[in-house]
Amino acid sequence: MNKAQLVEAIADKLGGRQQAADAVDAVLDAIVRAVVGGDRVSVTGFGSFEKVDRPARYARNPQTGERVRVKKTSVPRFRAGQGFKDLVSGSKKLPKNDVAVKKAPKGSLSGGTSTRTTVKKAAAKKATTAKKATAKKTTTAKKATAAKKASTAKKATAKKATTAKKAATAKKAAPAKKAATTAKKAAPAKKATTAKKAAAKKAPAKKATAKKAPAKKSTARKTTAKKTTARKR
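Structure report, in brief.

Quick look at the packing of helix 1 (residues 3-14) against helix 2 (residues 17-36)
Then step 1. Between helix 1 and helix 2, whose axes approach to 7 Å, the crossing angle comes to 120 degrees. As the angle between them shows, helix 1 and helix 2 are arranged oblique. Viewed along their axes, helix 1 and helix 2 form a crossing whose handedness is right-handed. Contacts from Lys 3, Leu 6, Val 7, Glu 8, Ile 10, Ala 11 and Leu 14 of helix 1 reach helix 2 at Arg 17, Gln 19, Ala 20, Ala 21, Ala 23, Val 24 and Asp 25.
Then step 2. Taken together, the residues that form the contact of helix 1 with helix 2 break down as 9 nonpolar, 1 polar and 4 charged.

Below, the structure written as structure tokens:
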């Protein structure tokens, strides 16, 4: 019997094929979620479903006989209940007008675990995982934003420090540059003034020499006159 045949078998009891298919899907989904989550689902008289961990081991390939290492894994296990075993073995007869396995009390399974509780646990676990993932993403985003802000602030501080350093250097260099420019401008003026003074000092000497020259000429004239007088005598 496959799943479709199972749905057909219980369709009349549940009021239609669609209702039967939904019921089968809901039961199987609840069992699978519970077992994957590590819970044990036990139905009185029918059996129990649980998760079993298998350690790493060595096995043999049935085709080649080669020894192969098998990794650690987890597998689902079903254990039939005593009522199920008795019906299969024939120690008990199947009831004609009743269900083969008696229903457990409404909303409960053996071991104190109900299908609703299992589904709720699975949903809560899923919600918790999603919440943790969201919190982790938020924390990561916050850290990234903080790191970006710190990096930006550090760059801005370094830029300000560089600008301040350049301004200080320029401020220190400005007076020296100004003094050099002033000295450079003053040097030609000083030289010109010195040259003018020297020229002014030399000028009177030349004039004095020029003034003395006529005296020599006058002496020469007197000498010439004396010579002429002597000749006449």
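A look at the pairing of strand 2 (residues 47-54)
Then step 1. Relative to strand 2, strand 1 (residues 41-43) runs antiparallel, the two sharing 3 bridges. From the neighbouring strand, Val 43 faces strand 2, where its bridge partner is Gly 47.
Then step 2. The turn joining strand 1 and strand 2, which pair antiparallel and follow one another in sequence, is formed by 3 residues; a positive phi near 85 degrees is taken by Gly 45.
Then step 3. Pairing of strand 2 with strand 5 (residues 73-80), which is carried by 8 bridges, proceeds in the antiparallel orientation.

Looking at the packing of aromatic side chains
Then step 1. Scanning the model with the defined rule gives 4 aromatic pairs in all.
Then step 2. An angle of 40 degrees between the planes, with centres 4.8 Å apart, marks the rings of Phe 49 and Phe 78 as tilted. Taken together, the residues Phe 49 in strand 2 and Phe 78 in strand 5 connect sequence positions 29 residues apart.
Then step 3. Connected via pairs of aromatic rings, a cluster forms that spans Phe 46, Phe 49, Phe 78 and Phe 84.
Then step 4. A cation over an aromatic ring shows up here: Arg 67 above the ring of Tyr 58, its NZ or CZ 4.1 Å from the ring centre.

Thoughts on the sheet that holds strand 1
Then step 1. A sheet is described by the order of its strands in space; here 3 strands give the open sequence 1-2-5, paired in antiparallel fashion. With partners counted over all chains shown, the strands left at the sheet margins are strand 1 and strand 5, one partner each. Looking at each pair of strands side by side, their axes are set apart by 25 degrees on average, direction ignored.
Then step 2. Contacting strand 1, strand 2 and strand 5, helix 2 crosses the sheet at an angle of about 35 degrees to strand 2.

Rules behind the numbers
Residues numbered from 1 in each chain as written. Predicted model: local features only at pLDDT ≥ 70, side-chain atom pairs only at ≥ 80, totals over all residues. Heavy atoms only, no water. Axes fitted to C-alpha atoms, helices over the stretch in contact; angles between N-to-C directions. Helix = DSSP H or I, 4+ residues; strand = E, 2+ residues; numbered from the N terminus. Parallel < 35°, antiparallel > 145°, perpendicular 65-115°, else oblique. Left-handed = near helix turned anticlockwise from the far one by under 90°. Contact = heavy atoms within 4.5 Å. Nonpolar A, V, L, I, M, F, W, Y, C, P; charged D, E, K, R; others polar. Pairing = 2+ DSSP bridges. Phe/Tyr/Trp six-rings, centres within 6.5 Å; stacked < 30°, edge-to-face > 60°. Lys NZ or Arg CZ within 6 Å of the ring centre and 35° of its normal.

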